[in-house]
Amino acid sequence: VQLQASGGGLVQAGDSLRLSCTASGRTVTRRPMGWFRQAPGKEREFVAVISQSGDSRGYGESVTGRFTISREHAENTVYLQMNSLKPEDTAVYFCAARPPSYSLGSVFASDFDSWGQGTQVTVSS
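The structure reproduced in this document is the subject of the present report. (Residues numbered from 1 in each chain as written. Predicted model: local features only at pLDDT ≥ 70, side-chain atom pairs only at ≥ 80, totals over all residues. Heavy atoms only, no water.)

1. Quick word on the pairing of strand β7 (residues 67-72)
Sheet faces and side chains relate simply in a regular strand, where the side chains alternate between the two faces. This is how the line gets drawn: Note on classification: 1.4 Å probe, protein chains only; a residue is buried when its accessible area is under 20% of the maximum for its type, exposed when over 50%, partly exposed between these limits. Labels follow the DSSP assignment, with helices taken as runs of H or I lasting at least four residues and strands as runs of E lasting at least two, numbered in each case from the N terminus. Following DSSP output, two strands are said to pair if at least two bridges run between them.
The two faces of β7 differ: F67, I69 and R71 on one face are buried, but T68, S70 and E72 on the other face are not. Across 6 bridges, β7 lies against strand β8 (residues 77-82) in antiparallel orientation. The residue bridging F67 from the neighbouring strand is M82, located in β8. Hairpin geometry of β7 and β8 is characterised by an intervening segment of 4 residues between the two adjacent antiparallel strands and by a positive phi of about 55 degrees at N76.

Laid out in structure tokens, this is it:
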């Protein structure tokens, strides 16, 4: 499956952005999906995850209460709504898919087998 992340950009602190991750080649409706981010010089960080059904969601501590992950099966797309953005949210954001044999997501990048190319989010102070 090929994943295409989009929606990044340059915004000011306090603004909002919505990232999209659209799958092609194969459907991701049976796969748990996640968002991770990586800032320059830092390790890849877990941001959010959503289960196969969409009923279960999890968030990294630094984004809890500000970010919301959702999925639209009909569009084969996963979204990340980011509100109250902070300069420390600046990073390249990656979407990822877990193998369809799993119903729940994971906070570990190594548990995901398909990755998008990333979209840059820059938040100025």
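2. Focus: the side chain of S106
Condition: Here a polar contact means two N or O atoms within 3.5 Å. Within protein one must be a hydrogen donor candidate and the other an acceptor candidate, and residues neighboring in sequence count only if both atoms are side-chain atoms. Residue contacts are defined here by distance: any two heavy atoms, one from each residue, within 4.5 Å place the two residues in contact.
Looking at the secondary structure, you find S106 in the loop between β9 (91-97) and β10 (114-115). A distance of 2.6 Å separates polar atoms of two side chains, one belonging to S106 and the other to D111. Setting aside residues no more than four positions away along its own chain, S106 makes contact with F36, F46, V49, R98, D111 and F112.

3. A look at the pairing of strand β4 (residues 33-38)
The element β4 is largely enclosed, with a buried count of 5 among its 6 residues. Pairing geometry for β4 and strand β5 (residues 45-50), over 5 bridges, is antiparallel. Across the sheet, R37 pairs through a bridge with E45, a residue of β5. Examined bridge by bridge, β4 and β9 share 6 bridges and lie antiparallel to one another. If you follow F36 over to β9, its bridge partner there is F94.

4. What to know about the sheet that holds strand β1 (residues 2-6)
Note the cut-off: To get an axis, fit a line to the C-alpha atoms, keeping to the stretch in contact for a helix; angles then go from 0 to 180 degrees between the N-to-C directions.
With respect to topology, 4 strands assemble into an open sheet ordered β1-β3-β8-β7, the strand pairing being antiparallel. This sheet does not close on itself; its edge strands, each paired only once, are β1 and β7. Each strand axis lies, on average, 15 degrees off the axis of its neighbour in the sheet, ignoring direction. Two elements, strand β3 (residues 17-24) and β8, share 6 bridges in a ladder whose sense is antiparallel. Looking across to β8, one finds that L17 is bridged to M82.

5. Topic: the side chain of S20
Relative to the assigned elements, S20 resides in strand β3. Judged by its relative accessible area of 15%, S20 is buried.

6. Looking at the nonpolar core
Using the following cut-off: Nonpolar cores are built from buried Ala, Val, Leu, Ile, Met, Phe, Trp, Tyr and Cys residues. Side-chain atoms within 4.5 Å join them into one set.
Counting 27 residues, the largest nonpolar core has W35, L80, M82 and Y93 as its most contacted members. Elements that contribute at least two residues to this core include exactly β1, β3, β4, β5, β7, β8, β9 and β11 (119-124). Counting 5 residues, the second largest nonpolar core, distinct from the first, contains F36, F46, V49 and A96.

7. Examining the packing of aromatic side chains
Here is the rule: Any Phe, Tyr or Trp ring, taking Trp's six-membered ring, that has another such ring centre within 6.5 Å forms a pair; planes under 30 degrees apart are called stacked, those over 60 apart edge-to-face, and the others tilted. Geometrically, a charge over a ring is one whose NZ (Lys) or CZ (Arg) sits within 6 Å of the ring centre while staying within 35 degrees of the ring normal.
In total, this model carries 4 aromatic pairs according to the counting rule given. Taking the centre distance of 6.3 Å and the plane angle of 65 degrees together, the rings of F112 and W115 count as edge-to-face. Cluster of aromatic residues (ring-pair linked, three or more members): F36, F46, F112 and W115. Seen from the ring of F94, R44 lies directly overhead, with NZ or CZ sitting 4.0 Å from the centre. For the cation-ring pair, R44 lies above W115, with the distance from its terminal atom to the ring centre recorded as 4.7 Å.

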